[in-house]
Amino acid sequence: MKPERRARSRAESFRHAFQGWRHLLWTQPNARIHAGITVAVILLGAWLVRSLTDWGLLLMAIALVWSAEFFNTAVEAVVDLASPELHPLAGIAKDLGAAAVLLNAIAAALIGLLVFGPPLWLRFTGG
């Protein structure tokens, strides 16, 4: 069965997007790690974060990591389709996608430290 190239309705577009998210979660172990960290950040934020600006930073960091993971998985799928055999350029493309995820994850961790560090310090030092 040949997949259609376009969604026929807005609802079908959303259905395709959620199918992509489901595929990512079922096939990519790192995505499950991202999911666990996302839940932990939201729970920690509910406990510590009062500023809308801090929530905005956290949500942006979460979205950037997830977006990088989606794009990386898409690049890997296209590379595997275009180059089923091992090829140095295919490896470079996959490595670059993984590096983008890593960069976003490091940036998100630093944002987490900046947002959560001060309130955690106050809670644990009694300040």
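Residues numbered from 1 in each chain as written. Predicted model: local features only at pLDDT ≥ 70, side-chain atom pairs only at ≥ 80, totals over all residues. Heavy atoms only, no water.

Caption draft 1: Layout of the packing of helix α1 (residues 10–27) against helix α3 (residues 52–82). At a minimum axis separation of 11 Å, α1 and α3 run at an interaxial angle of 85°. Relative to α3, the element α1 lies roughly perpendicular. Where α1 approaches α3, its residues Trp21, Leu24 and Leu25 are matched on the opposing element by Trp66, Glu69, Phe70 and Thr73. Residues belonging to the contact of α1 with α3 are distributed by class as follows: five nonpolar, one polar and one charged. (Axes fitted to C-alpha atoms, helices over the stretch in contact; angles between N-to-C directions. Helix = DSSP H or I, 4+ residues; strand = E, 2+ residues; numbered from the N terminus. Parallel < 35°, antiparallel > 145°, perpendicular 65-115°, else oblique. Contact = heavy atoms within 4.5 Å. Nonpolar A, V, L, I, M, F, W, Y, C, P; charged D, E, K, R; others polar.)

Caption draft 2: Inspection of the environment of Leu52 at higher detail. Positionally, Leu52 belongs in helix α3. Since its relative accessible area comes to 76%, Leu52 is described here as exposed. Along the backbone, Leu52 and Lys94 are 42 residues apart, and their C-alpha atoms lie at a distance of 36 Å. (Buried < 20%, exposed > 50% of the residue type's maximum accessible area, 1.4 Å probe, protein only.)

Caption draft 3: Region of the structure containing the pattern of salt bridges. Scanning the entire structure with this criterion turns up one salt bridge. Lys94 is paired through a salt bridge with Asp80; the nearest N and O atoms lie 2.5 Å apart. Of this pair, Lys94 sits in helix α4 (residues 88–125) while Asp80 sits in helix α3, placing them 14 residues apart in sequence. Look at Asp80 and you get partly exposed, because its relative accessible area is 41%. (Salt bridge = Lys/Arg side-chain N within 4 Å of Asp/Glu carboxyl O.)

Caption draft 4: Highlighting the nonpolar core. If you look at the biggest cluster of nonpolar residues, it comprises ten residues: Leu24, Ala31, Val41, Leu48, Val49, Leu58, Ile62, Trp66, Val115 and Phe116. Elements represented by at least two residues in this core include exactly α2 (29–48), α3 and α4. Sequence-distant contacts of Leu48, defined by excluding residues within four places in its chain, comprise Phe116, Pro119, Leu120 and Arg123. (Core = buried A, V, L, I, M, F, W, Y, C linked by side-chain atoms within 4.5 Å.)

Caption draft 5: Structural detail: α3. Between its first and last C-alpha, α3 extends 44 Å over 31 residues, near the 45 Å set by a 1.5 Å rise per residue. Residues Leu58, Ala61, Ile62, Val65, Trp66, Ala68, Glu69, Asn72, Thr73 and Val79 constitute the buried set of α3. Looking at the packing, one finds that the buried side of α3 touches α1, α2 and α4. A side-chain oxygen of the first residue of α3 lies 3.1 Å from the backbone nitrogen of Thr53; this N-cap is Ser51. (Expected span 1.5 Å × (residues − 1). Polar contact = N/O pair within 3.5 Å; in protein donor to acceptor, adjacent residues only side chain to side chain.)

Caption draft 6: Local environment of the packing of aromatic side chains. By the definition in use, this model includes three aromatic pairs. Between Trp66 and Phe70, the ring centres sit 6.0 Å apart and the planes meet at 35°, which makes this aromatic pair tilted. Residue Trp66 and its partner Phe70 are both found in helix α3; the two are separated by four residues, about one turn of the helix. Owing to a relative accessible area of 9%, Trp66 belongs among the buried residues under this scheme. (Phe/Tyr/Trp six-rings, centres within 6.5 Å; stacked < 30°, edge-to-face > 60°.)

Caption draft 7: Just the environment of Trp55, in detail. In this structure, Trp55 sits in helix α3. Among the residues examined, Trp55 registers a relative accessible area of 21% and is labelled partly exposed.

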